[in-house]
2 protein chains.
Amino acid sequence: MEKIAVWGFSWVPPFAQGLVRDLRVRWALEEAGLPYESRWVGIEERNTEAYRRKHPFGMVPVLESSEGTLIESGAIVYAIAEQCDKLMHPGLRIETLTWMFGALNTVEPPLWNLFVLDQLHQGEEWTKLRRAGAVEEVKLRLAALSEWLDDRDYLLGRFTAADILMTTALRFIRHTDLVAEFPLLDAYVKRCEARPAFRAALRDQMTDYVRNAPVAA
Amino acid sequence: MEKIAVWGFSWVPPFAQGLVRDLRVRWALEEAGLPYESRWVGIEERNTEAYRRKHPFGMVPVLESSEGTLIESGAIVYAIAEQCDKLMHPGLRIETLTWMFGALNTVEPPLWNLFVLDQLHQGEEWTKLRRAGAVEEVKLRLAALSEWLDDRDYLLGRFTAADILMTTALRFIRHTDLVAEFPLLDAYVKRCEARPAFRAALRDQMTDYVRNAPVAA
């Protein structure tokens, strides 16, 4: 890939900063040593016809390069990983993809559900009735994941693209103490977040939000 | 792949029959012309140590073959598609994977959310307060998907593995009229469900449930 541009939202409220999914793509590119430029779409512009031509669902991230346009954080990270043995060893392709789908389709849904409940619908009557059940569903997944990590520093023993998706999925419940209830999981997230590539990706996403912050009324 | 066995649940209640995710794997194997045997785990056995050795989250499907054990419906279908040009043309690999992640990480979550609300928590107080919002989120995704299918019979023009995941995701809200509100989407689902491979997969999943049905009390 050459001349890479990554689209994210120009600004999001603090509760979402560091969680928007372009972080996954930035992180993968940093791990792979591939330089890129940031592009921003305003949340209010996401459903314009012009932006919908890039992304049919009006979402981020979008990756543009000399090879074309890619959407879906899972697929973009996989495409980057195909060019970088550190992210996906050729002998571990299907295993890496398995845990990428595991992160996005098995672990993320209940965690995202709790994020939506606590952060997007805070204070609504239904959330008080539903929250305990939603937390139980999160704990079920975290307990199983923690057991898997019992004898592994990373999902596949060594760091792969799947850890990028899993770590960023687990970050959706950073506003709770649920991950901390599982010491192995807590250590896993901290291990992944300590990687220089993650820190660079997060710093650059946050810098863009500061640059694009709305002027206080 | 040789000597393939696919694990599903031995029996599920009627509202879930035809929706359990081993259907995706059965469908892909039928499209690829790969014979397989069915294996069953009881819902009550899913968290036993023996089954957890196959699947760390105690879920289905699991595919066992002479090449090893695979989990996660997305990854299993991808592995099958790699052996079958009809499911993934070599020139459309990343595009197919993009729409596979799109089906499971962008379209499925709000649909699954409505399924859970209507089918697993029916009658609970919070669902009455939450349902209208959950339906709106479903409609947003369906509208965007319908627009994408405006000039396409399948997600990528021709049938691919992504259509297997998208069709089975859309089936999670078969208890509603929401898909029927989008004629293009409705036609798309019917087009996919009319494929002989889908019908064979569904028939075999249902046959297993009949065979394993609990004796009436």
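Calculation notes
- Residues numbered from 1 in each chain as written.
- Chains lettered and ligands numbered in written order.
- Predicted model: local features only at pLDDT ≥ 70, side-chain atom pairs only at ≥ 80, totals over all residues.
- Heavy atoms only, no water.
- Contact = heavy atoms within 4.5 Å.
- Buried area = accessible area lost by both parts, 1.4 Å probe.
- Salt bridge = Lys/Arg side-chain N within 4 Å of Asp/Glu carboxyl O.
- Polar contact = N/O pair within 3.5 Å; in protein donor to acceptor, adjacent residues only side chain to side chain.
- Helix = DSSP H or I, 4+ residues; strand = E, 2+ residues; numbered from the N terminus.
- Buried < 20%, exposed > 50% of the residue type's maximum accessible area, 1.4 Å probe, protein only.
- Disulfide = S-S within 2.5 Å.
- Core = buried A, V, L, I, M, F, W, Y, C linked by side-chain atoms within 4.5 Å.
- Domains from an automatic or database assignment.
- Bend = angle between axes of the 7 residues up to and from the residue.

Q: Even after reading the chapter, I still don't get the interface of chain A and chain B, so can you show me in this structure?
A: Interface size is often expressed as the accessible area that is lost when the parts come together. Taken together, the contact between chain A and chain B spans 40 residues of the former and 40 residues of the latter. Carbon and sulfur atoms supply 68% of the area that chain A and chain B bury against each other, a total of about 3,500 Å² over both sides. The three residues of chain A that bury the most area against chain B are A:Phe57, A:Phe101 and A:Trp126, which together make up 20% of that side's buried surface. Across the chain A-chain B interface, the total number found is two salt bridges. Taking the shortest distance from any N to any O, the salt bridge between B:Arg93 and A:Glu82 comes out at 2.7 Å. For the pair chain A and chain B, the number of links is eight residue pairs in polar contact (both at pLDDT 80 or more).

Q: Just checking my understanding: could you explain the pattern of salt bridges for this structure?
A: Opposite charge on two side chains lets them pair, provided their charged atoms get close. Residues and elements named next belong to chain A. Here the structure, examined in full by the defined rule, presents 40 salt bridges over all chains. Where Lys190 meets Asp186, a salt bridge forms, and the shortest distance between an N and an O atom there is 2.9 Å. A residue pair is termed a helical-turn pair when its members lie 3 or 4 positions apart in one helix, as Lys190 and Asp186 do in helix α7 (residues 183-193) at four residues. Among the residues examined, Lys190 registers a relative accessible area of 51% and is labelled exposed.

Q: Is there a simple way to explain unusual backbone geometry in this structure?
A: One can expect most non-glycine residues to show negative phi and most peptide bonds to be in trans. All names here are of chain A. Between Val60 and Pro61 the backbone carries a cis peptide bond, its omega angle lying at 0 degrees. By the secondary structure assignment, Pro61 is in the loop between α2 (49-54) and β3 (62-65). Phi angles above zero are rare outside glycine, and Lys3 is one such case at about 45 degrees. Within the secondary structure layout, Lys3 lies in the segment before β1 (4-9). In this structure, Glu72 is a non-glycine residue whose phi angle is positive, near 75 degrees.

Q: How should I be thinking about the state of the cysteines in this particular structure?
A: Linking two cysteines covalently via their sulfur atoms produces the bond known as a disulfide. Using the criterion set out here, one finds zero disulfides over all chains in the structure. As a non-bridged cysteine, B:Cys84 has B:Cys192 as the owner of its nearest cysteine sulfur, 15 Å distant.

Q: Would you mind going over the nonpolar core with me for this structure?
A: Soluble, globular proteins show a tendency: their nonpolar side chains are buried together. Residues A:Leu170 and B:Leu170 are the most contacted members of the largest nonpolar core, which totals 125 residues. Leave out the neighbours within four places in its chain, and B:Leu170 touches B:Val107, B:Leu111, B:Leu142, B:Leu145, B:Val179, B:Leu185, B:Tyr188 and B:Val189.

Q: Just checking my understanding: could you explain the environment of B:Leu120 for this structure?
A: All names here are of chain B. Secondary-structure assignment places Leu120 in helix α4 (residues 93-120). In this structure, the C-alpha to C-alpha distance between Leu120 and Ala16, residues 104 residues apart in sequence, is 10.0 Å. The residues contacting Leu120, other than those within four sequence positions of it, are Phe15 and Phe115.

Q: Please clarify how the domain arrangement of chain A should be interpreted in this entry.
A: All names here are of chain A. Domain assignment breaks chain A into domain 1 (4-86 + 197-211) and domain 2 (90-195). Placing a centre on the C-alpha atoms of domain 1 and another on those of domain 2 gives a separation of 20 Å. Facing 24 residues of domain 1, the contacting portion of domain 2 comprises 27 residues. It is Leu19, Arg24 and Trp27 in domain 1 that bury the most area against domain 2; as a group they hold 31% of the surface buried on that side. One can count three salt bridges joining domain 1 with domain 2. Between Glu108 and Arg24 there is a salt bridge, and its shortest N-O distance comes to 2.7 Å. For the pair domain 1 and domain 2, the number of links is eleven residue pairs in polar contact (both at pLDDT 80 or more).

Q: Teacher, can you tell me more about α4(B) here?
A: Because an α-helix completes one turn every 3.6 residues, residues spaced three or four positions apart along the sequence face the same direction. Considering bend angle alone, the principal kink of α4(B) is centred on B:Glu108 and spans about 60 degrees; proline B:Pro109 follows within four residues of it. Counting buried positions along α4(B) yields 21 of 28 residues, so the element is predominantly enclosed.

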